[in-house]
Amino acid sequence: MTNQTTENNSLPPKTCSVERLVTQPQDVEKVLAGQKTATRRNGRYADVGEIMELKGKKFVVENVYSQSLGELTDEHARQEGFEDVEGYKNSILSIHPGMPWLPHMKVWVHEFKAVEEE
């Protein structure tokens, strides 16, 4: 827990809450199916160790870090539930009409995994 606290203290304050991290119905379904293990946002929505709940299933945030859009790889796109960067980019731009896709633009990456119920 100490590492999480230290890690969280080195990050800027959250701009939103973990409840708003994954809200698009198609994204919720991808998370529940295990096809989406990360989400990128223009703000920081969660701390490491926070729990996100979707349709009664819990997911723990394992990592939070900043990344530029130009650093995105096809592997990152697969974490988001897409085949490649182009598919991810097209989806984001369809959700946010008029948003520019600038390689230097920074986003916050939130990586998570299902909490195993005991």
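Residues numbered from 1 in each chain as written. Predicted model: local features only at pLDDT ≥ 70, side-chain atom pairs only at ≥ 80, totals over all residues. Heavy atoms only, no water.

1. Let's talk about the nonpolar core
Heads up, the condition is: Joining through side-chain atoms within 4.5 Å is the link that ties buried Ala, Val, Leu, Ile, Met, Phe, Trp, Tyr and Cys residues into a set, and such a set is a nonpolar core. The buried label goes to any residue with under 20% of its type's maximum accessible area, the exposed label to any with over 50%, and the partly exposed label to all in between, with areas taken from a 1.4 Å probe on protein chains only. Per the convention used, a helix needs a DSSP run of H or I reaching at least four residues, while a strand needs a run of E reaching at least two, with both numbered from the N terminus. Any two residues whose heavy atoms approach within 4.5 Å at even a single point are treated as in contact.
Core analysis: the largest hydrophobic core is formed by 16 residues, its most contacted members being Leu 21, Val 22, Val 31, Met 52, Leu 54 and Phe 112. Breaking this core down by element, the ones donating at least two residues are helix H2 (25-32), strand S2 (51-54), strand S3 (57-68) and strand S4 (106-114). Setting aside its immediate chain neighbours within four residues, Phe 112 contacts Leu 21, Val 22, Val 31, Lys 36, Thr 37, Ala 38, Thr 39, Met 52, Phe 59, Val 60, Val 61 and Glu 62. Within the second largest apolar cluster, nine residues are counted, among which are Leu 69, Phe 82, Val 85 and Val 107.

2. Re helix H4 (residues 85-95)
The following threshold applies: As used here, the arc belongs to the directions running from the helix axis to the C-beta atoms.
Among all positions of H4, only Val 85, Tyr 88, Ser 91 and Ile 92 are buried. Around the axis of H4, the buried residues are gathered within 130 degrees of arc, so they sit on the same side. Residues of H4 that are buried make contact with strand S1 (38-41) and helix H3 (74-79).

3. Describing the UniProt feature "domain: ASCH" (unreviewed entry) in the chain
The test is simple: UniProt positions are given in the numbering used here, feature names are shortened, and annotations may be inferred rather than shown by experiment.
The UniProt record marks residues 21-116 with the feature "domain: ASCH" (unreviewed entry), using the residue numbering of this structure. Secondary structure over residues 21-116 splits into 26% helix and 30% strand, and the C-alpha atoms at its two ends are 20 Å apart.

4. Quick notes on the layout of surface pockets
Under the convention used in this document: Lining residues are defined by having an atom within 4 Å of a point belonging to a cavity or pocket. Those points lie on a 1 Å grid over the protein atoms alone, cavities being sets where a 1.4 Å probe fits but cannot get out and pockets being open sets with protein on both sides within 12 Å along at least five of seven lines. Grid points are joined across faces, edges and corners, and a volume is the space filled by probe spheres set on the points. Note that Gly is not counted as nonpolar here; it falls among the polar residues with everything else outside the nonpolar set of Ala, Val, Leu, Ile, Met, Phe, Trp, Tyr, Cys and Pro and the charged set of Asp, Glu, Lys and Arg.
By volume, the largest pocket is sized at about 420 Å³. Of all elements in the fold, only S1 and H4 reach the threshold of two or more residues within the lining of the largest pocket. Looking at the lining of the largest pocket element by element, the count peaks at four residues for H4. Grouping the amino acids of the lining of the largest pocket by side-chain chemistry returns eleven nonpolar, six polar and five charged.

5. Here we look at the packing of aromatic side chains
So the rule is basically this: Whether two aromatic rings pair depends on their centres lying within 6.5 Å, for rings of Phe, Tyr and Trp, where Trp uses its six-membered ring; planes under 30 degrees apart make the pair stacked, over 60 edge-to-face, and the rest tilted. Geometrically, a charge over a ring is one whose NZ (Lys) or CZ (Arg) sits within 6 Å of the ring centre while staying within 35 degrees of the ring normal.
Going through the model one piece at a time under the given rule, you end up with three aromatic pairs. Relative to Tyr 88, the ring of Phe 82 lies with its centre 5.8 Å away and its plane at 65 degrees, an arrangement referred to as edge-to-face. Classification of Tyr 88 as buried rests on a relative accessible area of 5%. With centroids separated by 6.1 Å and ring planes inclined at 75 degrees, the aromatic side chains of Tyr 88 and Trp 101 adopt a geometry described as edge-to-face. Note that Tyr 88 is positioned in helix H4 and Trp 101 in the loop between H4 and S4, a separation of 13 residues in sequence. Ring pairing ties together the aromatic residues Phe 82, Tyr 88 and Trp 101, which thus form one cluster. Taking the ring centre of Phe 82 as reference, the NZ or CZ of Lys 30 above it sits at 3.6 Å.

6. Let's talk about the pattern of salt bridges
Where we set the bar: Salt bridges are identified by distance alone: a Lys or Arg side-chain nitrogen within 4 Å of an Asp or Glu carboxyl oxygen.
The full count for this structure, using the stated rule, is seven salt bridges. Among the ionic pairs, Lys 36 bridges to Glu 80, the shortest N-O distance being 2.4 Å. Of this pair, Lys 36 sits in the loop between H2 and S1 while Glu 80 sits in the loop between H3 and H4; the two residues are 44 residues apart in sequence, bridging distant segments of the chain. Side by side, Lys 36 and Glu 80 carry an identical accessibility label, which is buried. Between Arg 78 and Glu 75 there is a salt bridge, with the nearest N and O atoms lying 3.4 Å from each other. One end of the pair is Arg 78 and the other is Glu 75, both in helix H3 and three residues apart, which spans about a single turn. Arg 78 sits in the partly exposed class, given a relative accessible area of 42%. Several salt bridges share partner residues, and in doing so they unite Lys 36, Arg 40 and Glu 80 into one network.

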